[in-house]
Every structure is written in C-alpha cells, then in structure tokens.
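Breakdown of the fold
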Amino acid sequence: MSNTSKLVTFRNDDAGYRRWRRAHPRGYVLNLFGGADARENVLHRASCDDLTPKLINQSTTSVPKVCSDDRTAIDAEADQLRGGRDRWTICDHCFRWA
Ligand SMILES: [Zn+2]
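The residue count restarts for each chain, going from 1 along the sequence in the order it is written. Per-residue local features of the predicted model are confined to residues with pLDDT of at least 70, and side-chain atom pairs are confined, for both listing and counting, to 80 or more; whole-chain, interface and lining totals are unaffected and use all residues.

**Section: the overall build of the protein chain**
This is how the line gets drawn: Numbering of helices and strands runs from the N terminus, with a helix taken as a DSSP run of H or I at least four residues long and a strand as a DSSP run of E at least two residues long. We take the radius of gyration over the C-alpha atoms and set the globule estimate at 2.2 Å times the residue count to the 0.38 power. Once C-beta atoms are placed from the backbone, any two residues with those atoms within 7 Å are in contact.
A tally of regular secondary structure across the protein chain gives two helices and five strands. When the helices and strands of the protein chain are read in sequence order from the N terminus, they spell out β-α-β-β-β-α-β. The C-alpha atoms of the protein chain give 13 Å as radius of gyration, which agrees with the globular expectation for 98 residues (13 Å, within 12%). The long-range fraction of contacts in the protein chain, counting pairs at least 24 apart against all pairs at least 6 apart in sequence, stands at 71%.

And the structure:
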C-alpha cells in the first residue's frame with residue numbers, strides 16, 4: 001500500500017470529515033491553512049478539542065483537512081504539501097503527552 005492511499009483529504013465536506021474523526025479516534029488530522037506560518041498548519045490527533053468548532057454553524061473543512069491513521073504517512077504528506085518539516089508544527093495540546 002502506498003502512503004497516498006493511507007491519506008484522505010476533506011475540503012468543504014464537514015459531514016465526511018466528522019464521520020472520519022468518529023471512525024478514527026486514534027488518527028491524525030493536518031489542518032492546512034496554507035501561507036508561510038508554520039503555526040497555522042498544525043498536525044493534531046483526531047480526538048483534539050482544537051479541531052471542534054467553537055461556533056455551531058462554523059464550517060471546519062473550508063480549511064482543508066488531511067487525515068490518516070498512519071503518523072509516518074501524514075508526516076511525509078505534510079513535508080510534501082508544505083515544502084519542508086519546518087513549515088508545519090504539531091499541536092501543543094494533543095501531543096503534549098506523546
Ligand atoms: Zn491538537
């Protein structure tokens with residue numbers, strides 16, 4: 001199985017994204033705001049509270065989410081999409097005890 005097949009990206013598909021998070025509580029989600037700031041392109045555990053919108057009708061996947069159960073695959077994808085390991089970060093909250 002290639003790394004790519006372990007990844008799924010949700011864009012403007014909040015229902016699909018919510019389903020994925022429910023089905024993969026131990027997975028990982030890369031929040032891809034884009035731009036130059038590494039702190040706006042953050043890898044979370046699927047269970048992280050930071051991924052849950054604070055406002056009821058706020059869309060989450062207007063910002064694309066790359067999802068995977070495979071940490072190695074999603075790290076490699078983040079490097080690829082962002083152009084380097086220094087251009088994205090891991091979440092301070094959900095990886096604190098990793
Ligand atoms: Zn997090």
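**A word on the nonpolar core**
Formally: Here, a nonpolar core means buried Ala, Val, Leu, Ile, Met, Phe, Trp, Tyr and Cys residues linked by C-beta atoms lying within 7 Å of one another. We call a residue exposed when 12 or fewer other C-beta atoms sit within 10 Å of its C-beta, buried when the count reaches 20 or more, and partly exposed for counts in between; the C-beta positions come from the backbone.
Formed by 14 residues in total, the largest nonpolar core has its most connected members in Tyr28, Val29, Leu30, Leu43, Val66, Ile74 and Ala78. Ranked by the residues each element gives to this core, the list is headed by strand β2 (residues 28–32), at four residues. Beyond its immediate stretch of four places on either side in the chain, leucine 30 contacts Leu43, Lys65, Val66, Ile74 and Ala78.

**Here we look at the pairing of strand β3 (residues 41–45)**
For clarity, the cut-off: Criterion used throughout: strands pair if DSSP finds at least two bridges between them.
Burial analysis of β3 places four of its five residues in the buried class, the great majority of the element. As defined by bridge partners, β2 adjoins β3 across five bridges and the pair is classed as antiparallel. If you follow leucine 30 over to β3, its bridge partner there is leucine 43. Bridge count for β3 against strand β5 (residues 89–90) is two bridges, and the pairing is parallel. Within β5, the position partnered with valine 42 by the bridge is threonine 89.

**Considering the sheet that holds strand β4 (residues 65–68)**
Let me state the cut-off plainly: Interaxial angle, 0 to 180 degrees, is taken between N-to-C directions of lines fitted to C-alpha atoms, where a helix line uses only the stretch in contact.
Spatial strand order, β1-β4-β2-β3-β5: five strands in an open sheet with mixed pairing. Since the sheet does not close on itself, it has two edges, and those belong to β1 (7–10) and β5, each with one partner. Running at roughly 140° to β1, helix α1 (residues 14–23) makes contact with β1 and β4 of the sheet. Packed onto the sheet, helix α2 (residues 71–82) meets β1, β2, β3 and β4 and runs at close to 10° relative to β2.

**Section: α2**
Counted only if it meets this: Helix span, as expected, comes to 1.5 Å for every residue beyond the first. The reported arc concerns the directions from the helix axis to the C-beta atoms and nothing else.
Here α2 contains 12 residues, and its C-alpha end-to-end distance of 16 Å stays within 8% of the 16 Å for a straight helix at 1.5 Å per residue. Buried within α2 are the following residues: Ile74, Glu77 and Ala78. Down the axis of α2, the buried set is contained in an arc of 105°. They therefore lie on one face. Every exposed residue of α2 that faces more than 90 degrees away from the buried side is listed here: Thr72 and Gln80. Against the buried residues of α2 lie β1, β2, β3 and β4. Looking one or two places after α2, you find glycine 83, whose phi comes out positive at around 85°.

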